[in-house]
Amino acid sequence: MSEAPVVQRPVSAERIHPGGLDLLVVPPRARTGWRVLPARVGAMCAVELQKLRHDRTELYTRAVQPALWLLIFGETFTRIRAIPTGGIPYLDYLAPGIIAQSAMFIAIFYGIMIIWERDAGILTKLLVTPTPRSALITGKAFAAGVKALIQAVVVVVIAALLGVAMTWNPLRLLGVAVAVVLGSAFFSCLSMTIAGIVLTRDRLMGIGQAITMPLFFGSNALYPVAVMPGWLQAVSKVNPLSYQVDALRGLLLGTHAHLALDYGVLALAAALGILSASSLLGRLAR
């Protein structure tokens, strides 16, 4: 009578690869949850910035308007001396406000891009990936911030050529970059939130044009809050652009500023903007 075949027991990975070399045969676990979020945000931001390599026209055309504000409005009101600026030349006082304005004008129409992606079918493909909606919105928001930062460099160069006395302290310039990115992140999320409500480019363009100038003139970008009427002062206090301008003016010119409050308001506004835009993103893709 023949013997039954001996069944060999599988040898464990530890015995084949002593010393924890089992990673060679056992794939590592995929990162999940919050650990993968920064990578997804960075990837989305990189995708958005890649578009600048193919078309830089937007950056060049956007530089025209702040240059005109500094050259015409700034130089004229410097000669008139009609706006009290606490002994600071009006052109110096205006330059940080124009940096904030140019950053806001770039970000406030960012929702048009996401509607275009919806119409082209790109947004639907993005939403079926494992990328969380908050990461998608955050990546787009901070890509808008980087674009605005490039615009801010252009304005700083123009202001320096016009003789504006600004600091070149690296730490202060880093603070300027953070303020520009946070402010742009909020306004881009505001635009994407409006896009999630109105759903069409024409409506978004109309609303964007309707709110940009009130946001700009309802801030301290052109004149001090103290010279505003009471109702406009109340608007300025809830306008994130005012806190961005205050931070930029304090960092670049060394004027009195409430930096902790400014950064706190900008960070809170950006977080709320990301939350609201993320919640409405699914409505865009329907």
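Residues numbered from 1 in each chain as written. Predicted model: local features only at pLDDT ≥ 70, side-chain atom pairs only at ≥ 80, totals over all residues. Heavy atoms only, no water.

Points about the overall build of the protein chain
Right, on to step 1. Across its full length, the protein chain holds 13 helices and zero strands.
Right, on to step 2. Moving toward the C terminus, one meets the helices and strands of the protein chain in the order α-α-α-α-α-α-α-α-α-α-α-α-α.
Right, on to step 3. Per-residue burial over the protein chain gives 44% buried out of 286 residues.
Right, on to step 4. Sequence separation of at least 24 residues holds for 77% of the intrachain contacts in the protein chain that already meet a minimum separation of 6.
Right, on to step 5. For the protein chain, the computed accessible surface area is about 15,400 Å², with 66% contributed by carbon and sulfur atoms. (Helix = DSSP H or I, 4+ residues; strand = E, 2+ residues; numbered from the N terminus. Buried < 20%, exposed > 50% of the residue type's maximum accessible area, 1.4 Å probe, protein only. Contact = heavy atoms within 4.5 Å. Areas by Shrake-Rupley, 256 points an atom, 1.4 Å probe, with all protein chains shown as cover.)

Looking at the environment of Ser242
Right, on to step 1. Relative to the helices and strands, Ser242 is located in helix α12 (residues 240-253).
Right, on to step 2. Taking relative accessible area as the criterion, Ser242 reaches 6% and is therefore assigned buried.
Right, on to step 3. Spatially, the C-alpha atom of Ser242 lies 9.9 Å from that of Phe217, the residues being 25 residues apart in sequence.
Right, on to step 4. Among the polar contacts listed, one links the side chain of Ser242 to the side chain of Ser236, at a separation of 2.9 Å. (Polar contact = N/O pair within 3.5 Å; in protein donor to acceptor, adjacent residues only side chain to side chain.)

Regarding the packing of aromatic side chains
Right, on to step 1. Scanning all chains against the criterion turns up nine aromatic pairs.
Right, on to step 2. Centre to centre, the rings of Phe105 and Phe216 are 6.5 Å apart; their planes meet at 70°, and the pair counts as edge-to-face. Pair noted here: Phe105 is in helix α5 (residues 90-107) and Phe216 is in helix α10 (residues 201-217), with a separation of 111 residues, a long-range link. Phe216 matches Phe105 in its accessibility class, with the two residues each being buried.
Right, on to step 3. Chaining the aromatic ring pairs together yields one cluster made of Trp69, Phe73, Phe77, Tyr90, Tyr93, Phe105, Phe216 and Phe217. (Phe/Tyr/Trp six-rings, centres within 6.5 Å; stacked < 30°, edge-to-face > 60°.)

Let's talk about the nonpolar core
Right, on to step 1. Ranked by internal contacts, the top residues of the largest apolar core, which has 64 residues, are Leu70, Ile99, Ile114, Ile137, Val180, Phe187 and Phe216.
Right, on to step 2. Those residues in contact with Ile99 that sit more than four places away from it in its chain are Ala152, Val155, Val156, Val180, Leu248 and Leu252. (Core = buried A, V, L, I, M, F, W, Y, C linked by side-chain atoms within 4.5 Å.)

Quick notes on helix α4 (residues 64-80)
Right, on to step 1. Taking 1.5 Å of rise per residue, 17 residues should cover 24 Å, and α4 covers 24 Å from first to last C-alpha, within 8% of that figure.
Right, on to step 2. The largest bend in α4 is about 30°, located at Gly74.
Right, on to step 3. Along α4, the positions that sit buried rather than exposed are Pro66, Ala67, Trp69, Leu70 and Gly74.
Right, on to step 4. Residue Arg81 follows α4 closely and has a positive phi angle near 60°. (Expected span 1.5 Å × (residues − 1). Bend = angle between axes of the 7 residues up to and from the residue.)

Digging into the pattern of salt bridges
Right, on to step 1. Throughout the structure, instances matching the rule amount to three salt bridges.
Right, on to step 2. Here Lys140 and Glu117 are joined by a salt bridge, their closest N and O atoms 2.8 Å apart. With Lys140 in helix α8 (residues 133-161) and Glu117 in helix α6 (residues 110-120), this pair connects stretches of sequence that are 23 residues apart.
Right, on to step 3. Lys140 gets classed as buried once you look at its relative accessible area, which sits at 2%.
Right, on to step 4. Put simply, Asp119 and Arg201 hold a salt bridge, and the shortest N to O gap is 3.2 Å. (Salt bridge = Lys/Arg side-chain N within 4 Å of Asp/Glu carboxyl O.)

A word on unusual backbone geometry
Right, on to step 1. Although it is not a glycine, Leu199 sits at a positive phi angle of roughly 75°.
Right, on to step 2. Topologically, Leu199 is positioned in the loop between α9 (170-198) and α10.

Focus on the packing of α6 against α10
Right, on to step 1. For the pair α6 and α10, the least separation of the axes is 10 Å and the interaxial angle reads 180°. With respect to their mutual orientation, α6 and α10 come out roughly antiparallel. Mapping the contact onto sequence places Gly111, Ile112, Ile115, Trp116 and Asp119 in α6 and Arg201, Leu204 and Met205 in α10. (Axes fitted to C-alpha atoms, helices over the stretch in contact; angles between N-to-C directions. Parallel < 35°, antiparallel > 145°, perpendicular 65-115°, else oblique.)

Let's talk about the environment of Met213
Right, on to step 1. Turning to its location among the elements, Met213 is positioned in helix α10.
Right, on to step 2. Exposure remark for Met213: the relative accessible area of 31% places this residue in the partly exposed category.
Right, on to step 3. Sequence separation between Met213 and Phe105 is 108 residues; the distance between their C-alpha atoms is 9.5 Å.

Observations concerning the side chain of Arg118
Right, on to step 1. Tracing the sequence through the fold places Arg118 in helix α6.
Right, on to step 2. There is a polar contact of 2.6 Å between the side chain of Arg118 and the backbone oxygen of Leu199.
Right, on to step 3. Leaving out residues up to four positions away in the same chain, Arg118 has contacts with Leu123, Leu199, Leu284 and Ala285.

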